[in-house]
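Analysis of the macromolecular model
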Amino acid sequence: MLFNAGVALLLVALIGLYFARFRGQSPEVYSPAASWTRAGIYFCCCFLLCWLTGTQAMILQSPLATPEQLADPAWITATVGLTLLIFIAYWGLWGRYTLRFDRRLHLATQIPFGLIWGASAAQLILTVWHVCRTLGPALPDWQVWIITWFVAGSWHWWFHDFYWDLYIAPEHDTPFTIVVKTALLHIPQTSLCTLYLTVFGNVWVLIGLQTIALLAAAIFMRLPPWWSTTSTPAARRHPFVFGLARGGGYLSPDPANDPYLKAAHSPPRNTVF
């Protein structure tokens, strides 16, 4: 209870800080301090939602693994295989297809950010799964999996496309890398992680997997520390319907000779194909 009260107080403080210093700031200029504040607000909301839905209590009462699972070759194979997949996908492919521009490695802040980001994303998935289990105890496992995958996956997609990639993360993708990451990383890992959760119920393993993935993302995008004053490109705002904008990726003024596209293994053009 003390922890959750602290998170609630932190949320109020961050909201106050945001309205006092960063409200109305142009999204055309990337501000690490504003981005960290927005991220902190989102992380606090994920933690509090997990607590208010009873998901946090469920997590704390759950073992890392049961003795039966530790003796089950199928569980061991699935756990090891999924862990390797996450490492290959995010510490390999995600890093390969990520724009960094000239941002520097700063592990002292990128590691804590990635750990909290991963824990927050995992708690959101677990909240959807737990609420689905609680409100629909008679639902078969396959329906629980589909609902969890669709709701959590859709939220992460829309939230990242219309907010996170515009107001929190520095520019780190191109139209090409967005397609590559979505098709080869995000959709497969969300599908398999929620399937693993539904079949085996290991909530701590899911938290670990999401944390491994997003720790890599924070490090490989070279997320600037909150005090940084070094210029970094803000996300390119791509027009959407009803006057909305989405984070559609970096468009180079000279794609044929752009070193940043080459470093991110993106083709020398501003189109996907």
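Before reading on, note that the structure itself is shown above.
Residues numbered from 1 in each chain as written. Predicted model: local features only at pLDDT ≥ 70, side-chain atom pairs only at ≥ 80, totals over all residues. Heavy atoms only, no water.

Regarding the overall build of the chain
Counting its regular elements, the chain contains 10 helices and 2 strands. Along the chain direction, N to C, the helices and strands of the chain fall in the order α-α-α-α-α-α-α-α-α-β-β-α. The globule rule puts the C-alpha radius of gyration for 273 residues at 19 Å, and the 19 Å found for the chain is close to it. Seen along its three principal axes, the alpha-carbon backbone of the chain occupies a region of about 55 × 45 × 40 Å. A total of 273 residues make up the chain; the buried ones form 50% of that total. Across the chain, contacts joining residues at least 24 apart in sequence account for 80% of those joining residues at least 6 apart. Just so you have it, the chain exposes about 13800 Å², and 72% of that area is on carbon and sulfur atoms. Counting 15 positive and 11 negative side-chain charges, the chain places the averaged centre of each group 8 Å from the other. (Helix = DSSP H or I, 4+ residues; strand = E, 2+ residues; numbered from the N terminus. Rg over C-alpha atoms; globule rule 2.2 N^0.38 Å. Buried < 20%, exposed > 50% of the residue type's maximum accessible area, 1.4 Å probe, protein only. Contact = heavy atoms within 4.5 Å. Areas by Shrake-Rupley, 256 points an atom, 1.4 Å probe, with all protein chains shown as cover. Lys, Arg positive; Asp, Glu negative; His and termini not counted. Charge placed at Lys NZ, Arg CZ, Asp CG, Glu CD.)

Quick notes on the packing of helix H6 (residues 107-135) against helix H9 (residues 203-220)
As a packed pair, H6 and H9 sit with axes 7 Å apart at the nearest point and diverge in direction by 140°. With respect to their mutual orientation, H6 and H9 come out oblique. In this structure, H6 meets H9 at a crossing whose hand is right-handed. Its residues placed into classes, the contact of H6 with H9 shows 19 nonpolar, 5 polar and no charged. (Axes fitted to C-alpha atoms, helices over the stretch in contact; angles between N-to-C directions. Parallel < 35°, antiparallel > 145°, perpendicular 65-115°, else oblique. Left-handed = near helix turned anticlockwise from the far one by under 90°. Nonpolar A, V, L, I, M, F, W, Y, C, P; charged D, E, K, R; others polar.)

Points about unusual backbone geometry
With phi around 55°, Arg222 is a residue other than glycine that occupies positive phi space. Its location among the elements puts Arg222 in the loop between H9 and strand E1 (237-239). Residue His265 is not a glycine yet carries a positive backbone phi of 55°. Tracing the sequence through the fold places His265 in the segment after helix H10 (259-263). A residue is classified by how much of its surface remains accessible, and His265, at 35% relative accessible area, is partly exposed.

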